[in-house]
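Spelled out from the first residue to the last, the chains are:
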Amino acid sequence: MTEQNKNILPWNDYSSYIKSIFGVRVQKISVDAGFTCPNRDGSKGHGACIYCTNESFSPFYCNSEISVTEQLQKGIDFFSPKYKTQKYLAYFQSYTNTYGSVDTLKKTYAEALNTQGVEGLVIATRPDCINAEILEMIKEISANKYLSIEFGAESTIDRTLDFINRGHNWQQTIDAVNLTNSFGINCGLHFIIGLPGETEEDFYTHAGRISKLPVKTLKIHQMQVLKGTRLEEIYSNKPELIFDLNLENYIRVIINFLELLNPGIIVERFTSESPKNLIIYPDWKGKKNFEISHIVANKMSEAGSYQGKKYSCNKYQAIHIQP
Ligand code: SF4
């Protein structure tokens, strides 16, 4: 963390990072390009991840029935009156956005990059859906634009990844990150804290293992049991498998996690808000992400805590990868 950031937030925050690149506020516009998921259609697995829901939480403009250009234009029209000076990134968010032929992917990303006002791409995908050919193509068409690829890693522990029916293992995430980094492309990871069977010790093991990889950005959020998912059934039959995610406990874990995390990794967020009518557990009474960020920032500042405070003496760094 730079001295300047440290004065603002006690973690290496994404807003400051992105502003340092573009000089102004940057808004991601979510795009649904109609890609599906190999963990739903049988090519990598069947039945989906246990927490996956068919409900769409996407904003109104993110709709695969209209073109990528139209989605981006509608998103820009929506956000531009709110903030006078800002730039936009096309965020391919829904499902697995590298799950298609190289030609189809190229056409889709190029359409986004050719949309007026779009300064780059953020592409969310699975670690088992990337290869050198795709990375080379993305790098080529994004020359001089911002580019980041986000992998849904979710856990570093293979028994958890098996249990949640993720369809890939931790080694595949390590390989995907290293391959992406070898192309000089920014690499992000997504993690869920509180997956069934995981203990507090496991969360800190994640922090250590992530810290060793060439990861640029990190998104983490609390596990959420949502209505209609297989996780709902597991939670109702075996609630003892789920870590106590009451807000106070979660905030404590997040602060410890940040202290163990490599200070060079940019933290994009550490909570998520799903629609209230779908949430079974944990019930945080509608607390907003920004409110929780304020609590974490205040607690950390009061305690003299900051991201990476315990990084150099992080015993979890030394743990050999044991599935
Ligand atoms: S990879 Fe994503 S879209 Fe696919 S089943 Fe898992 S959560 Fe759902």
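Keep in mind that what you see is a predicted model, and the values were worked out from it rather than measured.

Engineer: Please give an account of the overall build of the protein chain that cites residues and values.
Structural biologist: Along its length, the protein chain carries 11 helices and nine strands. In summary, the protein chain has a C-alpha radius of gyration of 19 Å against a globular reference of 20 Å for 323 residues, a match within 12%. Based on the C-alpha atoms only, the size of the protein chain along its principal axes is roughly 45 × 45 × 40 Å. For the protein chain, the residues scored as buried account for 52% of the 323 residues in total. Carbon and sulfur atoms form 48% of the exposed surface of the protein chain, whose accessible area is close to 14700 Å². Across the protein chain, the 34 positively charged side chains and the 35 negatively charged ones have centroids separated by 5 Å.

Engineer: Run through the sheet that holds strand 2 (residues 86-92), naming residues and quoting values.
Structural biologist: An order of 1-2-3-4-5-6-8 is seen for the seven strands of this open sheet, with the pairing classed as parallel. Each end of this open sheet is capped by a strand with a single partner; those strands are strand 1 (25-31) and strand 8 (266-269). Neighbour-to-neighbour, the strand axes of this sheet turn through a mean angle of 25°, independent of strand direction. Against the sheet, helix 4 (residues 102-113) makes contact with strand 2 and strand 3 (118-125), and its axis sits at roughly 145° relative to strand 3, the strand it touches most. Along the sheet, helix 10 (residues 247-260) makes contact with strand 5 (186-193), strand 6 (217-222) and strand 8, crossing strand 6 at roughly 160°.

Engineer: Talk me through the site of the ligand; I want residue IDs and the actual numbers.
Structural biologist: With respect to spatial proximity, the complete set of residues near the ligand consists of Cys37, Arg40, Ala48, Cys49, Tyr51, Cys52, Tyr95, Arg126 and Arg166. Partitioned by chemical class, the residues of the shell around the ligand number six nonpolar, no polar and three charged.

Engineer: Summarise a negative patch on the surface; cite the residues concerned and give the values.
Structural biologist: A surface patch of negative charge is lined by Asp103, Glu133, Glu136 and Glu140. Top contributing element to the negative patch by residue count: helix 5 (residues 132-141), with three residues. Tracing the sequence through the fold places Glu140 in helix 5. Judged by relative accessible area, Glu140 falls into the exposed class, the value being 57%.

Engineer: Let's hear about the packing of helix 10 against helix 11 (residues 289-303): which residues, and what values?
Structural biologist: With their axes 10 Å apart at the nearest point, helix 10 and helix 11 run at an angle of 60° to one another. Judged on the interaxial angle alone, helix 11 and helix 10 are oblique. In this structure, helix 10 crosses over helix 11, and the sense of that crossing is right-handed. In this structure, helix 10 contributes Leu247, Ile251, Ile254, Ile255 and Leu258 to the contact, and helix 11 contributes Ile292, Ile295, Val296, Lys299 and Met300. Looking at the contact of helix 10 with helix 11 residue by residue, the classes come out as nine nonpolar, no polar and one charged.

Engineer: Hey, could you go over helix 11 for me, with residue numbers and the actual values?
Structural biologist: A rise of 1.5 Å per residue sets the reference length of helix 11, with its 15 residues, at 21 Å; its end C-alpha atoms lie 21 Å apart and thus fit the reference within 8%. On its buried face, helix 11 is in contact with helix 10. Just past helix 11, the residue Gly304 takes up positive phi, approximately 65°.

Engineer: Tell me about the nonpolar core, residues and numbers included.
Structural biologist: Phe92, Leu121, Leu189, Leu218, Leu258 and Val296 are the most contacted members of the largest nonpolar core, which has 81 residues in total. The leading source of residues in this core is helix 10, at nine residues. Formed by 11 residues, the second largest nonpolar core is a distinct cluster that contains Tyr17, Val26, Ala124 and Tyr146.

Engineer: For the pairing of strand 5, give the residues involved together with the corresponding values.
Structural biologist: Within strand 5, seven of the eight residues are buried, which leaves it mostly tucked inside the rest of the structure. With six bridges connecting them, strand 4 (residues 146-154) and strand 5 associate as parallel partners. Residue Phe151 lies in a different strand from strand 5, and its bridge partner there is Leu189. Looking at chain direction, strand 5 and strand 6 are connected through six bridges and run parallel. The residue bridging His190 from the neighbouring strand is Lys219, located in strand 6. You can see the chain leave strand 5, run along helix 8 (residues 200-211) and come back into strand 6, and the turn it takes is right-handed.

Engineer: Tell me about the state of the cysteines, and please be specific about residues and values.
Structural biologist: All chains considered together, the criterion is met by zero disulfides. Left without a disulfide partner, Cys129 is nearest to the cysteine sulfur of Cys37, which lies 7.3 Å away.

Engineer: Outline the pattern of salt bridges, supporting the account with residue identities and numerical values.
Structural biologist: Enumeration according to the criterion identifies 10 salt bridges in this entry. Across the pair Lys219 and Glu150 runs a salt bridge, and its minimum N-O distance is 3.2 Å. Of the two residues, Lys219 is situated in strand 6 and Glu150 in strand 4; the sequence distance between them amounts to 69 residues. With respect to burial, Lys219 and Glu150 carry one shared label: buried.

Rules behind the numbers
Residues numbered from 1 in each chain as written. Predicted model: local features only at pLDDT ≥ 70, side-chain atom pairs only at ≥ 80, totals over all residues. Heavy atoms only, no water. Helix = DSSP H or I, 4+ residues; strand = E, 2+ residues; numbered from the N terminus. Rg over C-alpha atoms; globule rule 2.2 N^0.38 Å. Buried < 20%, exposed > 50% of the residue type's maximum accessible area, 1.4 Å probe, protein only. Areas by Shrake-Rupley, 256 points an atom, 1.4 Å probe, with all protein chains shown as cover. Lys, Arg positive; Asp, Glu negative; His and termini not counted. Charge placed at Lys NZ, Arg CZ, Asp CG, Glu CD. Pairing = 2+ DSSP bridges. Axes fitted to C-alpha atoms, helices over the stretch in contact; angles between N-to-C directions. Contact = heavy atoms within 4.5 Å. Near = heavy atom within 4 Å. Nonpolar A, V, L, I, M, F, W, Y, C, P; charged D, E, K, R; others polar. Patch = residues over 30% accessible without salt bridge, like charges linked within 9 Å, V, L, I, M, F, W, Y side chains within 5 Å. Salt bridge = Lys/Arg side-chain N within 4 Å of Asp/Glu carboxyl O. Parallel < 35°, antiparallel > 145°, perpendicular 65-115°, else oblique. Left-handed = near helix turned anticlockwise from the far one by under 90°. Expected span 1.5 Å × (residues − 1). Core = buried A, V, L, I, M, F, W, Y, C linked by side-chain atoms within 4.5 Å. Right-handed = clockwise from strand over helix to strand, strands pointing away. Disulfide = S-S within 2.5 Å.

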